[in-house]
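# Breakdown of the fold
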Amino acid sequence: FFVKNFGFRKNDTIFRYIREKNAPVKKRNYDRIIYFVILGLILLFFGKYFFYKIFYVEAEGLVLMEKLEIRNIDDCRLVKIYAKEGDTVMRKDTLFTFVEDIDASQGLSNFSVTRNPNSSWPQKDIASTEKAIEMAKMDIKEAQRLSLKLTHIIAKSRNQVILGLQPKYKLEEYENQLEEYHFEIERKRKELEYLINFLNELKILDMRERGFTSAIEKSGGKKAFLCPIDSGFVTSVTKKDFEIALKTEEILTIHKHKEIIIKAFFDQGDYSYLKKGRRVTVEFPDGSTGRGEIKNIYTATTKLPEEFQKKYESTTRSLSADIVPISKEELSHWNYFYKMSVKIYVVKYTFF
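So, here is what we can say about the structure in this document. This structure is a prediction, so every number in the text was calculated from the model and none was measured.

## What about the overall build of the chain?
- Looking only at helices and strands, the chain has six helices and 12 strands in total.
- A burial count over the chain gives 32% of its 352 residues as buried.
- Contacts in the chain between residues at least 24 apart in sequence constitute 76% of all its contacts with a sequence separation of at least 6.
- For the chain, the exposed surface amounts to about 25000 Å²; the carbon and sulfur share of it is 55%.

## Focus: the side chain of Ser318
- Mapped onto the fold, Ser318 is located in strand β11 (residues 317-325).
- Residue contacts for Ser318: discarding those within four places in its chain leaves Phe265, Phe266, Thr301, Thr302 and Leu304.

## Regarding the side chain of Arg278
- With respect to the helices and strands, the residue Arg278 is situated in the loop between β8 (252-266) and β9 (279-283).
- Buried charge without a partner: Arg278 forms no salt bridge, and the closest opposite charge is Asp270, 10 Å away.
- A polar side-chain atom of Arg278 sits 2.8 Å from the main-chain carbonyl oxygen of Tyr273.
- In this structure the side chain of Arg278 is engaged in a polar contact, spanning 3.3 Å, whose partner is the backbone oxygen of Val347.

## Section: the nonpolar core
- Formed by 24 residues in total, the largest nonpolar core has its most connected members in Ile262, Phe266, Val282, Ile323 and Ile344.
- Contributing elements (two or more residues each) for this core: β1 (56-70), β8, β9, β10 (289-303), β11, α6 (328-334) and β12 (341-347).
- For Ile323, the residues in contact, after removing those within four places along its chain, are Ile261, Ile262, Ala264, Val280, Gly292, Glu293, Ile294, Trp334 and Ile344.
- Counting residues in each nonpolar core, the second largest holds 17 residues, with Val89, Phe98, Ile229 and Val234 among its members.

## Some points on the packing of aromatic side chains
- Counted according to the given criterion, the structure contains nine aromatic pairs.
- With a centroid separation of 5.4 Å and an interplanar angle of 70°, the aromatic rings of Tyr35 and Phe36 are classed as edge-to-face.
- Ring pairing ties together the aromatic residues Phe45, Phe46, Tyr49 and Phe50, which thus form one cluster.

## Re the environment of Glu66
- Here Glu66 is to be found in strand β1.
- The class of Glu66 is partly exposed, set by a relative accessible area of 39%.
- When the C-alpha positions of Glu66 and His257 are compared, they lie 8.4 Å apart, and in sequence the two are 191 residues distant.

## Some remarks on unusual backbone geometry
- You will see that Lys92, though not glycine, has its phi angle at about 75°, which is positive.
- Judged by relative accessible area, which is 64%, Lys92 ranks as exposed.
- Phi is positive for Phe242, which is not a glycine, with a value near 75°.
- You can see Phe242 is positioned in the loop between β6 (231-237) and β7 (244-245).
- Looking at Phe242, the relative accessible area reads 9%, which means it is buried.

## A few points about the sheet that holds strand β5 (residues 223-226)
- Spatially, the four strands line up as an open sheet ordered β5-β4-β2-β7, and their pairing is antiparallel. The sheet is open, and its two borders are formed by β5 and β7, each paired with just one other strand.
- Relative to β5, strand β4 (residues 94-99) runs antiparallel, the two being bridged by four bridges. Within β5, the residue paired with Phe96 across the bridge is Phe225.

## Section: the pattern of salt bridges
- One pass over the structure, following the stated rule, counts 15 salt bridges.
- Put simply, Glu191 and Lys188 hold a salt bridge, and the shortest N to O gap is 3.7 Å. With Glu191 and Lys188 both in helix α4 (residues 168-209) and three residues apart, the pair spans about one turn of that helix.
- One salt bridge connects Glu249 with Lys239, and the closest N-O pair in it is separated by 3.0 Å. Within this pair, whereas Glu249 is found in the loop between β7 and β8, its partner Lys239 is found in the loop between β6 and β7, the two being separated by 10 residues in sequence.
- Owing to a relative accessible area of 15%, Lys239 belongs among the buried residues under this scheme.

Procedures and definitions
- Residues numbered from 1 in each chain as written.
- Predicted model: local features only at pLDDT ≥ 70, side-chain atom pairs only at ≥ 80, totals over all residues.
- Heavy atoms only, no water.
- Helix = DSSP H or I, 4+ residues; strand = E, 2+ residues; numbered from the N terminus.
- Buried < 20%, exposed > 50% of the residue type's maximum accessible area, 1.4 Å probe, protein only.
- Contact = heavy atoms within 4.5 Å.
- Areas by Shrake-Rupley, 256 points an atom, 1.4 Å probe, with all protein chains shown as cover.
- Lys, Arg positive; Asp, Glu negative; His and termini not counted.
- Salt bridge = Lys/Arg side-chain N within 4 Å of Asp/Glu carboxyl O.
- Polar contact = N/O pair within 3.5 Å; in protein donor to acceptor, adjacent residues only side chain to side chain.
- Core = buried A, V, L, I, M, F, W, Y, C linked by side-chain atoms within 4.5 Å.
- Phe/Tyr/Trp six-rings, centres within 6.5 Å; stacked < 30°, edge-to-face > 60°.
- Pairing = 2+ DSSP bridges.

Quick look at the structure:
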């Protein structure tokens, strides 16, 4: 047998290889991420809106406190007012001192009569300031009358513009003129406020010049007006030391701490969901929430307050209800939001 020789190629191989490149890293698609984030927010917003629309009754509310207007039972002249705005007062705290042995009404009229040429300079300035105050009041009344008249003209003019019976620039002229009236009224009111304060200061100087303060101290005729309620805080003081206070005039205002309510305004169609004693959720302006209870429901509709009334819409009449806090903790929390607007939520279905 013959064996065939096999010869193997000993030279370099003819095969070659190429190094494989790493797959490129995919970049994040930020556009897609932003799209899904915005879509999620939109869905969340509409979901929350429809959820509350279906299961809750929503209303506007105003935090109110029972107020006590402090007046004296007789005409008097104040000596010193101890209560300041923002102060907390308790029963039997001295609010102010006064005297009754001076005819206050006569004293008040003495400030408005013509002065003697030999009178002191405060009395002369008092007379001229009172005249300036009367003129300012007349100017304000006249500007308010013209403003009201122009408001009716603008309402008619707006309809005529819509119908094409009047050019638009005419309406704009009326509106600009109305703004000028409003500006003039505001300017005159500030001027009137300044004159009244100046007049009060002149009266104090006049009384001091005539020795009024020393006469009171010598006579010992001062009386003190004490706080008549357990607790409250002073929200306004309308008089000053040494001023005359008639029995019909308010001297200061106190709001009671423990008597706070939310006056809520509901749509008339929500009447079937409102019941006395039903718990509600209150949302305050700072984002915090609280719990309250419906105390009273008034079936007679009331006019919606201006701050809740939408502009350019007819006057809305709503159902009103009183909401009270359910605990002392809620009461103390509500005190911080006096005269602020809040949102009220009432569950429609009791099984929810």
